[in-house]
Amino acid sequence: MPVWQHILYSAEITAEHYGRTVSVGGWVQDIRNLGGISFVQLRDRDGVVQVTAVKKRNPELFAEINSLQRESVLLVRGTVKESKEARAGFEVLPEDVRVLSAAESPQPLGVVDKVGADLDTRLNNRFMDLRKADIRAVFRIRAAALQGVRDYLLSESFIEVSTPKIVAAGAEGGATLFPIKYFDKSAYLAQSPQLYKQNLMASGLDRVYEIAPAYRAEASDTVRHIAEFTSLDVELAFIESSEDVMAVAEGIVDSSLRHLLTAAKADLDLLGVDLSVPEPPYPRIRYDDAIDLLASDGMKIAHGDDLGTEGEKRLGDIVMEKHGALLYFITEFPTSLKRGTFYAKRYDEDPERTGYFDLDYKGQEIVSGGQREHRYDVLVEQMRENGLDLEAFDFYLKAFRYGMPPHGGFGFGIERYVQKILDLPNIRETVLYPRDRVRLVP
Ligand code: AMO
């Protein structure tokens, strides 16, 4: 039998195992040598097992154990014995100890140190940082959040697709494009699957989603921007308005948060997060009204300007006060703000307005989207207005000439979402190996 099939995780050991021989594996968290007896705290995925070595019983084994550095990896075979002193309620008396990997010392990061290391040191040594249960919890919660997202999309018959991340043209403005060399051509890292997900709306795969990296050469270094983020992209056809798109965004968040309540309960408890799940529908606040709300709170933003980080934050507080809502849509963004978004549909009756929306969570935008312009002539006009080279967008535009249904969709930043679920101060906490202006390794 392969070794890993007969190793028990600490959480799998119960009173039934008392008196029996088991194998456990893990990292040495601590060794306390009292002369004739040594207590090794062996940490695995789920917790800590106390391995108690007695010198008299096996002096060689005793010496070997006591010569180990913390964080060495051991495979221990021994008898489980009930113990009032051990934290788990039992200890393992070793018969055989195999050192699978001896750790060096000094170590780049303490795993159980009381004093926290700074974020840079932690990220530079992420494999060790992740040995802490509360750090791993963030990534289990992230995985569970994505599971809830997928559950909803599957139930609404969306299919998961993958689109290229090496592309010939950007969709979200030139400033944040990463140029790359692609054989003898120049290309870019994809900022968003925008052009492809819209292209698919002309294909009959009329409800798609993708969960994949998106790349932005963000000029500023902030706690909510990274150069490589995970974008949940959704696109659906045969819609009537942006409201149909908002309903999907709402369904996703609701399903995801509810899934967390059960699937991630232990991890949320470990982090002390009391997750609140707002009942849909989430309030809709028109952009114009948001500007007025901010003005009445003493924050002057001109109609047609961006709310900015500070405006979003303030609006979050106001909406909390007025509606008690953690999640809310800002709707009907003015064309002036979405003009760069050449694919956004403007209202026919008032071309200065769009149905575009953001979904904000605790004062931070996490989702952005709306109904697209699906009429070829109007789209070409909007692209010209943006000074785009139409030839570079030929594959995209072509799809609008041979039968393109009305459609819409959104981009949803997974890291920002997780950051807000857990109230983490920095988005980098939600990424295993973050990329930003300075960070390329590990
Ligand atoms: P947008 O550019 O607003 O829209 O991005 C959508 C969502 O992606 C997240 N996001 C980021 N997260 C972390 N770091 C970044 N640098 C970063 N940039 C964006 C945010 C944001 O709300 N194509 C459109 C979407 C669409 O219309 O379908 C787009 O990309 O949470």
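Use the structure listed above.
Residues numbered from 1 in each chain as written. Predicted model: local features only at pLDDT ≥ 70, side-chain atom pairs only at ≥ 80, totals over all residues. Heavy atoms only, no water.

### Thoughts on the sheet that holds strand β12 (residues 228-237)
Two orientations exist for strands paired in a sheet by backbone hydrogen bonds: parallel and antiparallel. For clarity, the cut-off: A pair of strands is considered paired only if DSSP assigns at least 2 bridges between the two. To qualify as a helix, a DSSP run of H or I must reach at least 4 residues; to qualify as a strand, a run of E must reach at least 2; elements of each kind are numbered from the N terminus.
The strand order across the open sheet formed by eight strands is β7-β11-β12-β17-β16-β15-β14-β13, and the pairing between neighbours is mixed. Each edge of the open sheet is held by one strand with a lone partner, namely β7 (159-160) and β13 (284-286). Sheet topology note: the β12/strand β17 (residues 407-413) ladder contains seven bridges and is antiparallel. Within β17, the residue paired with L236 across the bridge is G408.

### Some details on a nonpolar patch on the surface
Defined as follows: Any residue with relative accessible area above 30% and no salt bridge may belong to a patch, with like charges joined within 9 Å and the nonpolar Val, Leu, Ile, Met, Phe, Trp and Tyr side chains within 5 Å. Every accessible area reported is derived by Shrake-Rupley at a probe size of 1.4 Å, with residue values counting cover from the shown protein chains alone. One speaks of a salt bridge when a side-chain nitrogen belonging to Lys or Arg is within 4 Å of a carboxyl oxygen belonging to Asp or Glu.
The grouping of I166, Y182 and F183 at the surface amounts to a nonpolar patch, some 340 Å² of accessible area in total. Looking at the secondary structure, you find I166 in strand β8 (residues 166-167).

### Concerning the environment of D151
Going by this rule: Contact definition: two residues touch when any of their heavy atoms are within 4.5 Å.
Residue position: D151 is located in helix α5 (residues 133-155). Spatially, the C-alpha atom of D151 lies 9.0 Å from that of H259, the residues being 108 residues apart in sequence. If sequence neighbours within four positions are ignored, D151 has contacts with S255 and H259.

### Brief notes about the side chain of Q41
With respect to the element layout, Q41 can be found in strand β3 (residues 37-43). Other than its neighbours up to four places away in sequence, Q41 contacts W27, V28, Q29, D30, V48, V49 and Q50.

### Some thoughts on the pattern of salt bridges
The condition that has to hold: Only protein chains enter the calculation, and the probe is 1.4 Å; a residue is then buried if its accessible area is under 20% of its type maximum, exposed if over 50%, and partly exposed in between.
All chains considered together, the criterion is met by 38 salt bridges. Across the pair K132 and D129 runs a salt bridge, and its minimum N-O distance is 2.8 Å. Across the pair, exposure class does not vary: K132 and D129 are buried alike. Note that R258 is salt-bridged to D254, the shortest N-O span being 3.1 Å. With R258 and D254 both in helix α7 (residues 242-263), this residue pair falls four residues apart, about one helical turn. You can call R258 partly exposed: its relative accessible area is 33%. Overlapping salt bridges bring together R286, D288, D289, E332, D350 and R353 as one network.

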